[in-house]
Amino acid sequence: MRIKGKTKICVLLGYPLGHTLSPLMQNAAFSYRRLDYLYVPWEVRPENLERAVAALQVWENFRGANVTIPHKERILGLVDRLSPEAQAIGAVNCLSLREGCLFGDNTDGKGFLLSLQEEAGVEVEGKRILLFGAGGAARAVAFALAWSGARRISLVNRTREKAEVLASHLRGFAPSCHVEAHSLDGGDLPDLIRESEIVVNCTSVGLSPKDPPLFDHRFFEASSLVCDLIYNPQETRFLEAARRAGCRTIGGLGMLLHQGALSFELWTGEKAPLQTMRRALEGALGFRT
Ligand code: NAP
């Protein structure tokens, strides 16, 4: 890679930045498309976020950024404009420039929808969907599903109050979608799973193979499509149990890929080279293909 005076720069803004795969994926894409772009990690402590965003606005080579923990929410008030998605979700994961203004977007939910379409050929319109979790990822996915015409979304969370808050927020933004909140230890889980065409784990349970299961995996029904947002391990215990029960399954790599591809397209105006980006991710994670 040859870096020149006019090389355009994209950054990953977060703190701390440990094991991120975004630089690898984005630089592979720039290189494949022969674009004079470079993607670099930029660790910014929370107390310096305001100054960092001001610096982006005067950086002539700057073209875009991804935003990660802990800045996704606080950056909302520091950009010039927000997409409806970022506004509703209350978090920004992608910055781009539009007519010289800093534009905050959220590509996580759309990334999940694209992974459903591309990996399972599934559209969510009219579907009944069960989401485990009520954190940041669940929020992004739930809004995308509600806006895409899901008929019913059941939010199941360890802390029921958080599911209630998200449910009432969702109802305000997508009144035609029926949204319910449940606690993880309620007795209605087997019925909820049976009645859902799509089941998604949006919790962090399963990141470690030693994590105890979220619920009794014997409840899985073969008719459901089961998704896990976790991409490492490639197949979580949740997904393994679903596959053994006869369900179709999708891991979280597709969501990571598509949110990155959407960012790439916002920054460059070019179509993202999905295969190159996927290969970069799978190679780094040592996945079998
Ligand atoms: P978060 O905001 O911290 O939320 C964590 C969620 O997990 C909460 O609902 C929490 O329940 C639940 N949880 C945590 N430990 C639990 C336990 N022991 N038992 C039951 N529930 C538990 O995290 P997040 O940002 O939403 O991320 C969630 C997962 O999504 C992570 O694994 C992350 O890697 C993955 N993710 C993937 C992508 C992708 O591109 N594939 C993108 C974003 C996130 P409480 O509310 O009760 O605490």
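Above this text is the structure in question.
Keep in mind it's a predicted model, so treat the numbers as computed, not measured.

Procedures and definitions
What you see as residue numbers is a count from 1 along each chain, following the sequence as written. This being a predicted model, a pLDDT of at least 70 is required before a residue's local features are given, and a value of 80 or more before pairs of side-chain atoms are given or counted; all residues contribute to the totals for chains, interfaces and linings. Hydrogens and waters are ignored; side-chain quantities use all the structure's heavy atoms. Under the scheme applied here, a residue whose accessible area is under 20% of the maximum for its type counts as buried, over 50% as exposed, and between as partly exposed, the area being computed with a 1.4 Å probe on protein chains only. The way it works is that DSSP assigns letters per residue, a run of H or I at least four long becomes a helix, a run of E at least two long becomes a strand, and they are numbered from the N terminus. Criterion used throughout: strands pair if DSSP finds at least two bridges between them. By definition, the crossover connecting two strands over a helix is right-handed if that path, from the first strand to the second, turns clockwise as seen with the strands pointing away from the viewer. What counts as a salt bridge is simple: a side-chain nitrogen of Lys or Arg found within 4 Å of a carboxyl oxygen of Asp or Glu. Contacts between residues were defined by any pair of non-hydrogen atoms, one from each residue, lying within 4.5 Å. A fitted line through C-alpha atoms serves as each axis, taken over the contacting stretch for helices, and the angle formed by two N-to-C directions is quoted from 0 to 180°.

Colleague: I'd like a rundown of the pairing of strand β8 (residues 152–157), residues and numbers included.
Modeller: Buried residues dominate β8, accounting for 6 of its 6 residues. Judged by which residues are buried, β8 turns out to be covered on both faces: R152, S154 and V156 on one side and I153, L155 and N157 on the other are all buried. The pairing of strand β7 (residues 128–132) with β8 spans 5 bridges and is classified as parallel. Following the sheet pairing, L131 is matched in β8 by L155. Note that the unit made of β7, helix α5 (residues 136–147) and β8 has a crossover that is right-handed.

Colleague: Could you give me a rundown of the pattern of salt bridges, with the residues and numbers involved?
Modeller: As enumerated under the stated definition, the model contains 14 salt bridges in all. One connected set of salt bridges, linked through shared partners, spans E119, R278 and E282.

Colleague: Could you give an account of the sheet that holds strand β2 (residues 37–43), naming the residues involved and the relevant values?
Modeller: Ordered in space as β2-β1-β3-β5-β6-β4, the 6 strands form an open sheet in which the pairing is mixed. Edge positions in the sheet fall to β2 and β4 (81–82), since each has one partner strand and no second. Across 5 bridges, strand β1 (residues 8–14) lies against strand β3 (residues 62–67) in parallel orientation. In the strand pairing of β3, I9 is matched with F62. In the packing of helix α1 (residues 22–32) onto the sheet, the strands contacted are β1, β2 and β3, and the crossing angle to β2 comes to about 165 degrees.

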